[in-house]
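# Working through the structure, step by step
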Amino acid sequence: MNHSISLTVNGARREFVLDDPRVTLLDLLRERLHLTGTKKGCDRGQCGACTILVDGKRINSCLALAISHDGANIVTIEGVARGDQLHPVQAAFIAHDGFQCGFCTPGQIMSAIGMMREAQAGSDPERIRECMSGNLCRCGAYAGIVDAVLEAQAGMDESNQRRSA
Amino acid sequence: MKPFDYVRPATVAEAVAAAAQPGATYLAAGTNLLDLMKGGVSRPDRLVDLTHLEGLDAIERLADGGLRIGALVSNADLAHDPEFAKSYPVVAEALLSGASAQLRNAATVGGNLLQRTRCAYFYDTASRCNKRDAGSGCDARGGENRTHAVLGWSENCIATHPSDFCVPLVALGAIVEIEGKNGRREIALDELHRLPGDTPERDSALEHGDLIVAVRLPPAARGFAAHARYLKVRERTSYAFAMVSAAAALRIENGKISEARLALGGVAAKPWRARAAEDVLRGVAPTADVFQEAAWRALTDAKPSGDNAFKIALARRIVVRALTLAAAGTPARMPALPASPFASTSGAIHA
């Protein structure tokens, strides 16, 4: 039986017909929309490489059935820059060498963006490590990742202050 | 993954009707179920998707002082609800010590209760497992079993229940509201999970098609907010299941414990309420000696199911330390590493 769903992906509304309900959001993004920035690492919710924002919250797209997310608003790594202007978290990852091979990086960045929206970590490196523990980096770039997130967080705090001043 | 048919009911009544057929199971966030389906451990014929149902995602303060948590509230939304975290800090701390931020954003209250064991032999379909395949045997009993149960296990199954959330909930006397084919009923959370006995394939007291719609905390649960801690030992500091955990909640009046609640996680097929230990604590001053006595009582019936005798000693120490931390007072702020004995703000003397 075919199922029709609609999703907003990186700001554009998309309609899909699913001939099989087994399709995950991860596979839909990669195979149907060719948005291959979102990575399939473990495919079992353990590594975080597939992290995306769904209705503003970071989740593992490998453990989310597309059909169950009919109507959802999705942001992937492809949707965070504005043209050539990188998202501040992307820029901070480059500035701090927050990656080596780069495979986990889209998930790390989406997780960091989600974490900053959750506002639970602030500028405490211990909290950042705890709040980012769902993203594994086999290259071990964690020190750079924490520094990048700290800088991005500081930049966001500063721009919020400017806005409220 | 085995093919399944997908239905999306509009009401709880439709959901219960749709789940009545054999082979049907409920889908909430799917963080555990999809993982099990990908591994061929769960092979449902039909998924009944609950995520679009109205009215199951509220946190309601009840007139009697209790709290009702809808089954579809996410673990993260519950833990970060300011009023909830203030009134039930031990539950919030347990929630935040579980899984990862991504999983907590998706995973639901009802799903957390019904998550399956993380026993590696249950997950490995090439192994014998009485829980996955009734009557096939238990390869965990003679296998790698240092993380397995030390309380309430049987020769048929030595798996543990992995939830952190359930541990303080069972300590605080939580009640589970269930919608079934014969209407609404409720049971104590302590009665929800079953010990394995001869039927480890049945995790819970639920009948086929039963749907958990809410979890309720009774009015008395609020009384422990000032002295309540969850402590969890795991093989890495974050994003790991408990080797052993303990939820300790005390009411202290005029220097004496007027009431105590204690439960253990990671030690049995259910969150383990330690009532005998609670009895020892009632009416006495909170001292190291009485905490040691309580820890001894909590583990009186424990026995190793394999290479895990160390868990019994570990559990006693964790109980003492959780009680010590609880007596010292709930911290004003959530520790940077929730429930971790290595948190820089864990505070307590080493037990």
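Everything numeric here is computed off the predicted structure, so don't read it as measured data.

Rules used throughout
- Residues numbered from 1 in each chain as written.
- Chains lettered and ligands numbered in written order.
- Predicted model: local features only at pLDDT ≥ 70, side-chain atom pairs only at ≥ 80, totals over all residues.
- Helix = DSSP H or I, 4+ residues; strand = E, 2+ residues; numbered from the N terminus.
- Rg over C-alpha atoms; globule rule 2.2 N^0.38 Å.
- Buried ≥ 20, exposed ≤ 12 C-beta atoms within 10 Å, placed from the backbone.
- Core = buried A, V, L, I, M, F, W, Y, C linked by C-beta atoms within 7 Å.
- Domains from an automatic or database assignment.
- Contact = placed C-beta atoms within 7 Å.
- Nonpolar A, V, L, I, M, F, W, Y, C, P; charged D, E, K, R; others polar.
- Pairing = 2+ DSSP bridges.
- Axes fitted to C-alpha atoms, helices over the stretch in contact; angles between N-to-C directions.

Turning to the overall build of chain B, a few remarks are in order. Across its full length, chain B carries 12 helices and 12 strands. A compact globule built from 351 residues would reach a C-alpha radius of gyration of about 20 Å, and chain B, at 20 Å, matches this within 12%. Principal-axis analysis of the C-alpha atoms gives chain B an extent of 60 × 50 × 35 Å. Burial statistics for chain B: of 351 residues in total, 52% are counted as buried.

With that settled, consider the nonpolar core. Residues and elements named next belong to chain B. By size, the foremost hydrophobic cluster in this structure holds 160 residues, and its most contacted members are Ala247, Leu262 and Val319. Element by element, the count of residues in this core is highest for helix H12 (residues 310-328), at 9 residues. Here this core gathers at least three residues from each of two domains, domain 1 (5-52) and domain 2 (226-328). In this structure leucine 262 touches Ala171, Ala246, Ala248, Ala274, Ala277, Glu278, Ala294, Ala298 and Val319, once residues within four positions along its chain are discounted.

What follows covers the domain arrangement of chain B. If you check the domain split of chain B, you get domain 1 (5-52) and domain 2 (226-328). For domain 1 of chain B and domain 2 of chain B, the distance between their C-alpha centres works out to 36 Å.

Let us now look at the interface of chain B and chain A. Listed as interface residues are 23 residues of chain B and, on the opposing side, 26 residues of chain A. Elements with a contribution of two residues or more to the side of chain B that touches chain A: helix H2 (33-38) and helix H6 (101-106) of chain B. The greatest single-element share of the side of chain B that touches chain A, amounting to 5 residues, is contributed by H6(B). The residue inventory of the side of chain B that touches chain A, partitioned by class, reads 12 nonpolar, 8 polar and 3 charged.

Here we come to the sheet that holds strand E7 (residues 183-188) of chain B. Residues and elements named next belong to chain B. The strand order E4-E5-E8-E6-E7 describes an open sheet built from 5 strands, whose pairing is antiparallel. Looking at the sheet topology across the chains shown, the edges are occupied by strand E4 (59-61) and E7. The average angle at which neighbouring strand axes cross in this sheet is 25 degrees, direction not considered. Where strand E6 (residues 175-180) meets strand E8 (residues 211-217), 5 bridges bridge the pair, whose relative direction is antiparallel. The partner of glutamate 177 across the bridge, within E8, is alanine 214.

Residues and elements named next belong to chain B. Spatial ordering of the open sheet is given by E1-E3-E2, a layout of 3 strands whose pairing is parallel. In this open sheet, the two strands that pair with only one neighbour each are strand E1 (5-7) and strand E2 (24-27). Pairwise comparison of adjacent strand axes, ignoring direction, gives a mean angle of 25 degrees for this sheet. For E2 and strand E3 (residues 46-49), the ladder comprises 4 bridges, and the chain directions are parallel. By the bridge assignment for E3, leucine 27 is matched with aspartate 49.

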